[in-house]
Amino acid sequence: MQEAIQTPNPPPAKPAGPSIWAILRRRWWMIALIVVGALAVTLALTLTAPPAYRSSLRLQALALDDQEVALYTRRSTGGVGEQIALTQFNFNETLQNPLIAWRTISDLNLDISASQLLATLKTSASGDFVTVTYDAATPQEAMNVLNRHVENALDYYNSVRSRPASVAGQFVATELAAQGQTLRKAQDALLQFQLEHNVSDLPREINAVQDSVRSIRAARDNAQVQASQAETLAQQYAAQAEQSEAELTAAQQALDEQQAGAETATPEQQARSDAQAALVAELGQTAREQRGAARAQQAAAAGQRTVATQNDALLNQRAGDLAQLISLSSDYNILLAELDSALADYDFLRSKAAEARLKEAQATSVGSLQIVDPAFLPGEPGGSSALRIALLVAVVSLLLGLVAAMLLEFVSPTPAQP
C-alpha cells in the first residue's frame with residue numbers, strides 16, 4: 001500500500017501592524033485636541049498678559065590700552081576688532097550676572113527676582129556698539145531698571161577691568177618703597193665716603209689735581225729755563241765787565257802817563273789828556289754797570305732756582321695727592337655704580353607705579369564702554385509677539401500629539417478591521 005505523502009500546512013501569516021497614516025486617521029482627534037488646547041492656553045495667557053513697555057540703551061565699545069602693567073615682557077592683546085569683540089562679550093556676561101541683577105533690584109526696591117529681571121533683558125552687538133533692551137509693565141520702570149542695571153554692570157565691569165592695574169600698582173608701590181630704602185643707603189654710603197676723604201666728585205678732583213700737576217711742572221720747567229738764561233747772561237755780563245776793566249786799566253795807565261807831563265803839555269796834549277780822562281770815566285762806568293748786570297742776573301738765576309725747587313717740592317706733594325685719589329677710584333666707582341643701579345631701579349619702578357595709577361584711573365573713570373544713547377521713556381507698549389508664540393506652540397504641540405498617538409497605539413493597539 002502506497003502511503004500518501006502529506007505536506008504540512010504553512011503557518012498563518014502574521015497580520016501587519018497598522019501604518020502611520022492609519023494611526024493618524026484613527027487618533028487624529030487626540031492630536032487635534034492637544035494642539036487646540038495648547039493654542040487656547042497660549043492665546044489666553046498672551047492676550048490677557050499686561051502690556052510690556054520696552055526701553056533700549058546703546059553703548060560704544062572702545063579699544064583701550066591693555067590694563068596689564070608689564071614689568072618687562074608685554075603679551076600681545078590682538079587687534080582692535082578682537083579687543084572690541086572681547087569687551088562686548090565680557091560686558092554681556094556681566095549684564096547677565098545675577099549679582100548685578102540683585103544690586104539693581106535692591107537699589108530700586110523691585111518686587112521681582114534676579115531671574116525675572118534677566119529674562120526680559122536682551123543684548124545685541126553691531127560693530128562697535130552694544131544695544132541693551134528691557135521690558136517692564138510701566139514705561140518708568142523700564143527706563144529706570146535699564147539705566148540702573150547698566151550703570152551697575154559698568155561699575156562692576158570697570159572695577160574688574162582695573163583690578164590687574166590695581167594689583168600691579170600695589171605690588172610696584174611695595175617694591176618702590178623697598179627700593180627707596182636701598183637708594184637712600186647707597187646715597188648715605190657715597191656721602192660718607194665723600195666726607196671721609198674730603199672729595200665730592202672724585203673724577204673731577206683727579207682731573208683738577210692732574211691739571212695742577214701739569215701747571216706746577218710747567219712753572220718749574222719755566223723757572224729752570226729762566227735760571228739757565230739768567231746764569232748765561234750773568235756770565236756774559238761778567239766777561240764783558242772783565243774786558244771793560246782790562247780796557248779801563250790800559251786807559252788809566254795811558255792817562256797817568258799823560259798827566260805826568262801835564263805841566264809842560266801843549267793845549268793839544270791837554271785836550272788828548274782830557275779825552276783820555278773821559279774815556280777812563282766812561283769805561284769805569286761801563287764796567288760797573290756790567291758788573292751790576294752780572295750780579296742782577298746771578299740773583300735772578302738764584303731766584304728762579306729757588307722757584308724751581310719750591311715747585312719741585314709742590315709737584316711731589318701734588319703727585320702724592322694724585323696717587324692717593326687714584327687709589328680711591330675703585331671704592332668710589334663701586335659706590336657710584338651701586339647708587340646708579342639703585343637710582344635706575346627706583347626710576348623704573350616709579351614709572352611703572354605711574355603707569356599702574358593711570359591705567360587704573362582710565363579703567364575706572366573712562367572705561368572701555370561709553371553710553372552713547374541713554375535709555376528713553378517708552379511712549380507705548382512694545383509690539384506683541386502673540387502670533388509668533390502661537391505658531392511655535394502649534395508646531396511643538398503637533399509634535400507632542402504625534403508622539404502621544406504613537407505611544408498610545410503601542411500600549412493599546414486598535415484591532416484590525418476584517
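A quick note: this is a predicted structure, and the numbers were derived from the prediction, not measured. (Residues numbered from 1 in each chain as written. Predicted model: local features only at pLDDT ≥ 70, side-chain atom pairs only at ≥ 80, totals over all residues. Heavy atoms only, no water.)

A. Inspection of the overall build of the protein chain at higher detail. If you tally the helices and strands in the protein chain, you get 9 helices and 4 strands. Starting at the N terminus and ending at the C terminus, the protein chain contains elements arranged as α-β-α-α-α-β-β-α-α-α-α-β-α. Restricting the contact set of the protein chain to residue pairs at least 6 apart, pairs at least 24 apart contribute 84%. (Helix = DSSP H or I, 4+ residues; strand = E, 2+ residues; numbered from the N terminus. Contact = heavy atoms within 4.5 Å.)

B. Highlighting the pairing of strand β1 (residues 53–61). Residues Y53, S55, L57, L59 and A61 point to one face of β1 and are all buried, whereas R54, S56, R58 and Q60, pointing to the other face, are not buried. Judged from the 4 bridges that link them, β1 and strand β4 (residues 369–373) form a sheet pairing that is antiparallel. Across the sheet, residue L59 finds its bridge partner in β4, namely I371. (Buried < 20%, exposed > 50% of the residue type's maximum accessible area, 1.4 Å probe, protein only. Pairing = 2+ DSSP bridges.)

C. Summary view of the pairing of strand β2 (residues 121–126). Of the strand pairs in this sheet, β2 and strand β3 (residues 129–136) are connected by 6 bridges, and their pairing is antiparallel. Counted as the bridge partner of L121 is Y134 from β3.

D. Region of the structure containing the nonpolar core. Membership of the largest hydrophobic core comes to 28 residues, with the highest contact counts inside it found for L59, F91, L117, V132, L146 and V150. Per-element tally for this core: the top contributor is helix α5 (residues 139–197), with 8 residues. Residues contacting L117, with those up to four places away along its chain left out, are A101, T104, I105, L110, I112, Y134, V145 and H149. Among the nonpolar cores identified, the runner-up in size contains 18 residues, and A186, V199, L325 and L335 belong to it. (Core = buried A, V, L, I, M, F, W, Y, C linked by side-chain atoms within 4.5 Å.)

E. Seen up close, the packing of aromatic side chains. In this structure the tally under the stated criterion is 2 aromatic pairs. Measuring from centroid to centroid gives 6.1 Å for F91 and Y157, while their planes differ by 80°, and the two rings are edge-to-face. Of this pair, F91 sits in helix α2 (residues 80–95) while Y157 sits in helix α5, placing them 66 residues apart in sequence. Taking the relative accessible area as the measure of exposure, Y157 reaches 5% and is therefore buried. Relative to Y332, the ring of F193 has its centre 5.9 Å away and its plane inclined at 45°; by these criteria the two rings are tilted. Of the two residues, F193 sits in helix α5 while Y332 sits in helix α8 (residues 329–366), which places them 139 residues apart along the sequence. Comparing F193 with Y332, the two get one shared label, buried. Between the NZ or CZ atom of R58 and the centre of the ring of F129, over which it lies, the distance is 4.4 Å. (Phe/Tyr/Trp six-rings, centres within 6.5 Å; stacked < 30°, edge-to-face > 60°. Lys NZ or Arg CZ within 6 Å of the ring centre and 35° of its normal.)

F. Highlighting the packing of helix α3 (residues 98–108) against α5. Relative orientation of the contacting elements α3 and α5 amounts to 130°, with a least axis distance of 9 Å. One way to sum up the angle between α3 and α5 is to call them oblique. Crossing geometry of α3 relative to α5 is assigned as right-handed. Across from I100, A101, R103, T104, D107 and L108 in α3, the residues of α5 making contact are N144, V145, R148, H149, N152, A153 and Y156. A per-class count over the contact of α3 with α5 returns 6 nonpolar, 4 polar and 3 charged. (Axes fitted to C-alpha atoms, helices over the stretch in contact; angles between N-to-C directions. Parallel < 35°, antiparallel > 145°, perpendicular 65-115°, else oblique. Left-handed = near helix turned anticlockwise from the far one by under 90°. Nonpolar A, V, L, I, M, F, W, Y, C, P; charged D, E, K, R; others polar.)

G. Broad picture of the side chain of T133. Topologically, T133 is positioned in strand β3. For T133, a relative accessible area of 16% corresponds to the buried category. Leave out the neighbours within four places in its chain, and T133 touches R54, S55, S56, T120, L121, K122 and L146.

H. Just a nonpolar patch on the surface, in detail. A surface patch of nonpolar side chains, amounting to about 290 Å² of accessible area, comprises L392, V396 and L400. Take L400: it is sitting in helix α9 (residues 386–411). (Patch = residues over 30% accessible without salt bridge, like charges linked within 9 Å, V, L, I, M, F, W, Y side chains within 5 Å. Areas by Shrake-Rupley, 256 points an atom, 1.4 Å probe, with all protein chains shown as cover. Salt bridge = Lys/Arg side-chain N within 4 Å of Asp/Glu carboxyl O.)

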